[in-house]
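# Reading the structure
The primary structure of each chain is shown beneath.
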Amino acid sequence: MTTAVCPGSFDPITNGHLDIVTRASRHFDEVVVLVTGNPTKTSGLFTIDERVELIREATAHLNGVRVDSWGGLLVDYTSAHHITALVKGLRSSLDYEYELPMAQMNRRLTGVDTYFLLTDEKYGYISSSLTKEVAKYGGDVTGLVPDTVREAMLKKFH
C-alpha cells in the first residue's frame, strides 16, 4: 500500500488545497492530510483541532483520505508511519523556490520523496492568508474555500 502525506498549516484549507488532495488520492492508496504547526506563523484563525475537523468534513467524500496533525519535524512523522512520499502543490515558481530546499533536505534526512503537483489554474491565486484577509473585511470567499470552511470563517470574523 502506498501512502503519501500532504502537509500544511491549512489555516484554513482552500479549494486549491482540496484539489491537490483530490488529485493525489488518484495516485496513492492512502493520502494523509497532515496539519502541521508552522513556526513562522505566530497565530492562526483556527486551532489545530478545528482545522483537522474542517478538513475531515471537506474530504469526507474522498476514499483513502484521512486527516492527522503533527507538531514536530515532518520527516519524523513520515519515518514513524513508514511513509515515503510527500505531495505538495505548486502555484508558481515562488512556491517551487520555497519548497525545493525542504524537499531536498527531507530526502537527505530520511529518503522521503516529494511529488509536486501544479495547481489547477483556477486556484492559482488562492491562498489561506488571502482568503482570511478577504473574509476578515467582509468579502465573499464563496468558491475559494469549501462551504463549511466559509461558514466557520464567518463565525470567527462576525
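Along each chain, residue indices are assigned from 1 in the same order as the chain's sequence is written. Given that the model is predicted, a residue must reach a pLDDT of at least 70 before its local features are reported, and side-chain atom pairs must reach 80 or more before they are shown or counted; all residues, however, enter totals for whole chains, interfaces and linings. Heavy atoms from the whole structure form the basis of all side-chain values; hydrogens and water molecules are not counted.

Turning next to the UniProt feature "site: Transition state stabilizer" (unreviewed entry) in the protein. Within the UniProt annotation, "site: Transition state stabilizer" (unreviewed entry) is assigned to H17. What counts as a helix is a DSSP run of H or I of at least four residues, what counts as a strand is a run of E of at least two, and both are numbered from the N terminus. Looking at the secondary structure, you find H17 in helix α1 (residues 15-25). Residue H17 is classed as partly exposed on the basis of its relative accessible area, which comes to 26%. The residues contacting H17, other than those within four sequence positions of it, are F10, P12 and S128. Here a polar contact is taken to be a pair of N or O atoms separated by no more than 3.5 Å, where protein atoms must pair a possible hydrogen donor with a possible acceptor and residues adjacent in sequence count only if both atoms sit in side chains. A polar side-chain atom of H17 sits 2.9 Å from the main-chain amide nitrogen of T14. UniProt positions are given in the numbering used here, feature names are shortened, and annotations may be inferred rather than shown by experiment. Three exposure classes are used, based on accessible area relative to the maximum for each residue type with a 1.4 Å probe and protein chains only: buried under 20%, partly exposed in between, and exposed over 50%. In what follows, a contact means two residues having at least one pair of non-hydrogen atoms within 4.5 Å.

So, on to unusual backbone geometry. In this structure, the amide linkage connecting D11 to the following residue, P12, adopts the cis form with an omega of 0°. On the secondary structure map, P12 appears in the loop between β1 (3-8) and α1. Phi is positive for F10, which is not a glycine, with a value near 50°. Inspection of the secondary structure assignment puts F10 in the loop between β1 and α1. The class of F10 is buried, set by a relative accessible area of 5%. Residue H82 is not a glycine yet carries a positive backbone phi of 55°. Position of H82 relative to the elements: it lies in the loop between α3 (74-80) and β4 (85-90).

Looking now at the pairing of β4. Of all 6 residues making up β4, 5 are buried, and the element is well covered by its neighbours. In short, DSSP must find at least two bridges between two strands for them to pair. Pairing geometry for β1 and β4, over 2 bridges, is parallel. Each bridged residue has a counterpart across the sheet, and for A4 the counterpart in β4 is A85. With 6 bridges connecting them, β4 and strand β5 (residues 113-118) associate as parallel partners. Bridge pairing in β5 links L86 to T114. For a crossover, the right-handed case is the one in which the path from the first strand over the helix to the second runs clockwise, viewed with the strands pointing away from the viewer. Read from β4 through helix α4 (residues 93-110) to β5, the crossover connection turns out right-handed.

Below, the discussion takes up α1. Along an α-helix, residues three or four positions apart point the same way, because every turn accommodates 3.6 residues. Here α1 lies mainly inside the structure; 9 of its 11 residues are buried. Residues N15, G16, L18, D19, I20, V21, T22, A24 and S25 constitute the buried set of α1. Residues of α1 that are buried in the fold lie against β1, β2 (30-36), α2 (48-59), β3 (65-70), β4 and β5. Two or three places before G16, at the opening of α1, T14 has a side-chain oxygen 3.2 Å from that residue's backbone nitrogen.

Moving on: the pairing of β2. Of all 7 residues making up β2, 7 are buried, and the element is well covered by its neighbours. A two-sided burial pattern is seen for β2, the buried positions comprising E30, V32, L34 and T36 on one face and V31, V33 and V35 on the other. As for the winding sense of the linkage, the β-α-β connection from β1 through α1 to β2 is right-handed. As judged from the 6 bridges shared by β2 and β3, these two strands associate in the parallel manner. By the bridge assignment for β3, V32 is matched with R66.

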